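Fold and contact review
Residues per chain are reported as follows:
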Amino acid sequence: MKLLNLSNQTIAHGVLKELNHKEKLFTSRPWNYRKPDTTLWWLVPSTAWPAYPFGKYRISKDPQHAFIGFYVEKGIKGPVLSMLKPKNADQLKIDDHWRWHHVMDELGNGKFEKRIMEIKVQTELPVYILISAHHVTGDFEPYTKRMGNEEGHKVKYLFRNEKEIQAEEISGSIFKGFDRITTLKELGDQITQLQDLDWYWIDFEVYAEIPLVYSEAVDQAERKDLMDFGEIVGKILDPFGGLVKEEQH
């Protein structure tokens, strides 16, 4: 399956319209308001902002592919909170209502791999898992540009099948040894056992890699292979539906 090369904003708003077809549940949020056509977009099941506690959908691109899928964040707790301004500490402090906990549970019990397999079966597209970690300091703010001298902590996996993931990229000291992980259960175990975990903000993303088609003048055979916004929702986003719902308090 392929996708017509549209701007990130056009894709985000098209998908948003499909998601909110019956009732308005989702809000679209760009990472960089000044560059709506090229920035990462989140689709959040709430009007609240910032949207750290929520599972959400994510949309981005490079020149050859669109990357569409699921996004969740792990906040901080413990002594590190005393370094932050009270408002920041309140926003960044993780509690039991954050969707992060559901994802970690599902990595352990096998439900998460079933969600990813549903995407692979329906689309036959590559699916990747990207995890980024940032050591929190006094001026930390997740949705602003990272400091240029910050050490990058990232690990990226290709989801091969329901029994195997394969590390493709790894950087930064926090994920040392993560290249030897081969299952989602191992991944969840290793994340929860990370040293000084309370001091790290973690972004956890899963996305399908969709080849882009640049010309609207495609032939009939190619057009049949193009995904529309409804298919993006049904085949890529819906499998994560249970993880993006707003937690009821």
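The sections below set out a description of the structure shown in this document. (Residues numbered from 1 in each chain as written. Predicted model: local features only at pLDDT ≥ 70, side-chain atom pairs only at ≥ 80, totals over all residues. Heavy atoms only, no water.)

Per the stated rule, a full pass over the model turns up 14 aromatic pairs. Ring centres of W42 and W49 lie 6.1 Å apart, and the angle between their planes is 50 degrees; on these two criteria the pair is classed as tilted. Judged by its relative accessible area of 1%, W42 falls in the buried class. The interplanar angle of 80 degrees and the centroid separation of 5.0 Å between the aromatic rings of Y52 and W201 together place this pair among those described as edge-to-face. Separated by 149 residues along the polypeptide, Y52 in the loop between strand 3 (41–44) and strand 4 (56–61) and W201 in strand 9 (residues 200–213) bring together distant segments of the chain. For Y52, a relative accessible area of 1% puts it in the buried group. What links up through ring pairs into an aromatic cluster is the set F70, W100, F112, F204 and F240. (Phe/Tyr/Trp six-rings, centres within 6.5 Å; stacked < 30°, edge-to-face > 60°. Buried < 20%, exposed > 50% of the residue type's maximum accessible area, 1.4 Å probe, protein only. Helix = DSSP H or I, 4+ residues; strand = E, 2+ residues; numbered from the N terminus.)

For strand 4, the buried fraction is high: 5 of the 6 residues fall into the buried class. In this structure, strand 3 lies alongside strand 4, joined through 3 bridges in antiparallel fashion. Note on strand 4: the bridge partner recorded for W42 is R58. Pairing between strand 4 and strand 5 (residues 65–74): 6 bridges, direction antiparallel. When the sheet's bridge partners are listed, K56 is paired in strand 5 with Y71. Where strand 4 hands over to strand 5, the hairpin turn is made up of 3 residues, counted between the paired strands. (Pairing = 2+ DSSP bridges.)

Ranked by size, the top nonpolar core spans 74 residues in total, and within it I68, F112, I129, I131, L187 and F204 carry the most contacts. The dominant element in this core, judged by the number of residues it contributes, is strand 9, at 8 residues. Apart from the residues within four sequence positions on either side, L187 is in contact with I129, I131, Y157, I165, F178, I181 and F204. Residues F67, Y128, L130 and Y207 belong to the second largest nonpolar core, which totals 5 residues. (Core = buried A, V, L, I, M, F, W, Y, C linked by side-chain atoms within 4.5 Å. Contact = heavy atoms within 4.5 Å.)

Take the environment of F178 next. The topology assignment puts F178 in the loop between strand 8 (164–171) and helix 5 (184–192). Spatially, the C-alpha atoms of F178 and K163 are 16 Å apart, while their sequence positions differ by 15 residues.

Moving on, we come to the pattern of salt bridges. Inspection of the entire model under this criterion finds 7 salt bridges. Ionic pairing is found between K56 and E73, a salt bridge with its closest N-O pair at 2.5 Å. A residue pair is termed long-range when its members are at least 10 positions apart, and K56 in strand 4 and E73 in strand 5 qualify at 17 residues. Just as K56 is buried, E73 falls in that class too. (Salt bridge = Lys/Arg side-chain N within 4 Å of Asp/Glu carboxyl O.)

Read these as layout, nothing more, since geometry by itself doesn't imply function.
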